[in-house]
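# Descriptive structure summary
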Amino acid sequence: MSNQIVGNESNKENAPENEEKKIPIFSIEILKIIKEAQQQHGLRHNDYQRYRGYCTRRIRRLRKVMHLQQGDRRNFRKKNVTETNLTDERAVYIPLMLAERAWSYAMQLRVEANTEPRKKFHLVSRLRKAASYAIQLQKLCESEKFDARTQLETQAYVAWCEGMLQFELQEWKPAIENLKKAQMIYEKLATALNEEDAILYRNRYEELEPSLRFCAYNIGNETDVNQLLHLRNQAQGDLLVTLDTLMAQTRDSLSEVTWRNRTVPVKNARVRTFLLANRDFNSLLDKCTTLAEKSDSLEQHLMDCKDAMLAIRDDIKTEQKMDGSSTSSASSLQYLHTYLSFIRLERSIQRNLLLIESALENDGKQGSIGSKKLQDVTRLYEILIQNILEEQQLPGLEDDSDFQEKLIIKAKAYKAFRCYYIGQSLSTLHRWRDTMAMYERALLHISSAINQVDEDLKIRLSNLVNTIESSKYCAHAQSVLEQDNEEELDSLKNAKLQKMPLTKRLDEYYEDSSILGKDPNVIKVPPEMEEIPCKPLFFDVALNFVKLPVFKKQQPVSDPANKEGISGFVKGLWGWGGKK
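Residues numbered from 1 in each chain as written. Predicted model: local features only at pLDDT ≥ 70, side-chain atom pairs only at ≥ 80, totals over all residues. Heavy atoms only, no water.

### Some points on the overall build of the protein chain
Check the secondary structure of the protein chain and you find 19 helices and three strands. Of the contacts formed within the protein chain by residues at least 6 apart in sequence, a portion of 69% connects residues at least 24 apart. Carbon and sulfur atoms make up 51% of the accessible area of the protein chain, which totals about 36,800 Å². (Helix = DSSP H or I, 4+ residues; strand = E, 2+ residues; numbered from the N terminus. Contact = heavy atoms within 4.5 Å. Areas by Shrake-Rupley, 256 points an atom, 1.4 Å probe, with all protein chains shown as cover.)

### Let's talk about helix 2 (residues 48–65)
For helix 2, which comprises 18 residues, the first-to-last C-alpha distance of 26 Å matches the rise-based estimate of 26 Å (1.5 Å per residue) to within 8%. Every buried residue belonging to helix 2 is among Tyr48, Tyr51, Tyr54, Cys55, Arg58, Ile59, Leu62 and Arg63, and all of these are buried. In an axial view of helix 2, the angular spread of the buried residues amounts to 165 degrees, which keeps them on one side of the axis. Every exposed residue of helix 2 that faces more than 90 degrees away from the buried side is listed here: Arg60 and Lys64. On its buried face, helix 2 sits against helix 1 (30–40) and helix 3 (93–112). His67, located one to two residues past helix 2, shows a positive phi value of around 60 degrees. (Expected span 1.5 Å × (residues − 1). Buried < 20%, exposed > 50% of the residue type's maximum accessible area, 1.4 Å probe, protein only. Arc of directions from axis to C-beta.)

### Brief notes about the environment of Glu207
The residue Glu207 is located in helix 7 (residues 195–207) in this model. Glu207 gets classed as partly exposed once you look at its relative accessible area, which sits at 41%. Of the polar contacts made by the side chain of Glu207, one reaches the side chain of Lys35; its length is 3.3 Å. (Polar contact = N/O pair within 3.5 Å; in protein donor to acceptor, adjacent residues only side chain to side chain.)

### Some details on the pairing of strand 3 (residues 262–265)
Pairing of strand 2 (residues 256–259) with strand 3 involves four bridges; the strand directions are antiparallel. Directly across from Trp259, in strand 3, lies its bridge partner Arg262. (Pairing = 2+ DSSP bridges.)

### A short note on empty space enclosed by the protein
If you walk through the whole model with that rule in mind, you get one cavity of 30 Å³ or more. Approximately 30 Å³ is the volume found for the largest cavity. Lining the largest cavity are Arg63, Lys79, Asn80, Val81, Ile94, Pro95, Leu98 and Gln136. The greatest single-element share of the lining of the largest cavity, amounting to three residues, is contributed by helix 3. (1 Å grid on protein atoms, 1.4 Å probe; cavity = no way out; pocket = protein on both sides within 12 Å on 5 of 7 lines; lining within 4 Å. Points joined across faces, edges and corners; volume = space filled by probe spheres on them.)

### Here we look at the packing of aromatic side chains
Overall, the coordinates contain 20 aromatic pairs when judged by the stated rule. Ring plane angle 50 degrees and centroid distance 5.8 Å describe the contact between Trp259 and Tyr335, whose orientation is recorded as tilted. Separated by 76 residues along the polypeptide, Trp259 in strand 2 and Tyr335 in helix 14 (residues 332–365) bring together distant segments of the chain. Given a relative accessible area of 1%, Trp259 falls into the buried group. A network of ring pairs unites the aromatic residues Tyr381, Tyr414, Phe417, Tyr420, Tyr421 and Tyr439 as a single cluster. Geometry around Trp160 places Arg204 over its ring, the cationic atom sitting 4.5 Å from the centre. (Phe/Tyr/Trp six-rings, centres within 6.5 Å; stacked < 30°, edge-to-face > 60°. Lys NZ or Arg CZ within 6 Å of the ring centre and 35° of its normal.)

### With respect to the pattern of salt bridges
Taken as a whole and judged by the stated rule, the model has 20 salt bridges. With a closest N to O distance of 3.0 Å, Arg260 and Asp400 form a salt bridge. On the criterion of sequence distance, the pair formed by Arg260 in the loop between strand 2 and strand 3 and Asp400 in the loop between helix 15 (371–392) and helix 16 (401–428) is long-range, its members being 140 residues apart. It is possible to trace a salt-bridge network through shared partners that takes in Glu29, Lys32, Arg149 and Glu153. (Salt bridge = Lys/Arg side-chain N within 4 Å of Asp/Glu carboxyl O.)

### Things to note about the layout of surface pockets
Here the largest pocket defines a volume of roughly 1,500 Å³. In this structure, the largest pocket is lined by 46 residues; those nearest its centre are Glu346, Leu353, Lys410, Tyr414 and Asp454. The set of elements that each furnish at least two residues to the lining of the largest pocket consists of strand 1 (4–6), helix 11 (269–279), helix 12 (281–286), helix 13 (291–323), helix 14, helix 16 and helix 18 (455–499). Counted by class, the lining of the largest pocket contains 22 nonpolar, ten polar and 14 charged residues. (Nonpolar A, V, L, I, M, F, W, Y, C, P; charged D, E, K, R; others polar.)

### Overview of the nonpolar core
Ranked by size, the top nonpolar core spans 66 residues in total, and within it Leu96, Trp103, Tyr157 and Trp160 carry the most contacts. Secondary structure elements with two or more residues in this core: helix 1, helix 2, helix 3, helix 4 (119–141), helix 5 (148–168), helix 6 (172–192), helix 7 and helix 8 (209–219). With eleven residues, helix 3 is the largest single contributor of residues to this core. Grouped together as the second largest cluster of nonpolar side chains are 59 residues, Leu340, Leu426, Ala449 and Ile450 included. (Core = buried A, V, L, I, M, F, W, Y, C linked by side-chain atoms within 4.5 Å.)

### Overview of the packing of helix 2 against helix 3
Relative to each other, helix 2 and helix 3 sit at 160 degrees, their axes nearing to 9 Å. What the angle tells us is that helix 2 and helix 3 run roughly antiparallel. The hand of the helix 2/helix 3 crossing is left-handed. Two secondary-structure elements touch here, helix 2 through Tyr48, Gln49, Tyr51, Arg52, Tyr54, Cys55, Thr56, Arg58, Ile59, Leu62 and Arg63 and helix 3 through Tyr93, Ile94, Met97, Leu98, Glu100, Arg101, Trp103, Ser104, Tyr105, Met107 and Gln108. Partitioning the contact of helix 2 with helix 3 into residue classes produces 13 nonpolar, four polar and five charged. (Axes fitted to C-alpha atoms, helices over the stretch in contact; angles between N-to-C directions. Parallel < 35°, antiparallel > 145°, perpendicular 65-115°, else oblique. Left-handed = near helix turned anticlockwise from the far one by under 90°.)

Structure follows, in structure tokens:
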């Protein structure tokens, strides 16, 4: 599986050793910018005056932001945009908007010239002004700060402006040359771009066809036109070579990504920067000397990937709000999000492999791998296999049979490693039968995957086969030794149990054939005398030494008159019960 990542910041690669300051690379989609501005500000209804007002306001805002105001209300000091002002790509918008303002004014005058012929002279002067601003834009974009696509678009824009001026002056031969040049550049850009962006350039190509036909009609002879174009190609061969060179650079610097035979644009700057970093990340990882440095680099790279995925999600939400409803088919942004998810899962697998390598290397230096570490390694392989399963469930790739088949084979390969380390963990518990079963399962996975994986994984699987073979023999030998020891222990235990009556060994299973005989050893009669503790007797001897208090002096002397108490009182009250 090969993938190709290209972006308008392709020169932002690894920093040189002297750490020189890099020149930023700007990318200006000129045709897209002017088409969007025209559609949003009047030209959808052929309102050129409204579009001219928009260009004026845009120029004023740009000059204020870039600190390029041309004086104040009293004094005027002209300030053109030069290479020293190119600290921001927005500075290029000033000559572009100036050219657009002059062109829109010319188109407005063309409508008014139908009733006022004198305005045609003003129209031509405005077109000349638009062509001069376009040339100024081209000189700025010839700087190394701009990519090849921007240079191609400026050349096409200048050729179109000059062609429109010559068309208005009825200079048919130069007009057809410039318009054909612009048409050729737009045609090549359409072939180099993705499907979504290519539509705009194809439409521009078709817009120039009527003007070219009118020029050819005014020249009069189609043979002369073909001869003119042939001479132009011979005379400007260097220009065509330069054009081909720029097209080659454009294909290498366009903001797009090709993956699984599909090309999608990359418009988000954060995503483009991450994809460029991901393209060179393997070489950066090879420069790390220790596993810890590699692991840290992967952690940071995964964090950048998550940020890029968040940026794509925001773009998807914005697109859905603009469209009004979300479609079920995967758009370019959704496919790009799938690609970023695939990169995240692949880098996660790479990080888990580094963690496994680090764990095994540290314990290998100590001579043996502990059971706790074996469980950790097994857990890492389980996470790794789960990442592969997540890759199989990525949206937009469910019907890609080749992709799914490769992931299934890859999962089998890592399942073999997981089975091996599970067997190693079981061997520490002396569960030899389970250990042998896991080794056999690992060999089964290896046999079904070893011929269909890449070279690196194939070598690792071959080494694992040799390791499993030796581990199988060790496990088998250990199980035989432990079986002999168990048999000896069982024989000693059985001899001891045989001497004991059945009532003494009810909690132990033992096949005693004497139980079925005439003299079974069930219970000993009479039973043996056993020493038991007697019931203790308690004597309160402390009471004999306790001196009790005397209470005679504290008792009150009873009165004989009150001897009868309340009953005597009742008897005497009414005379009941009294002595007669």
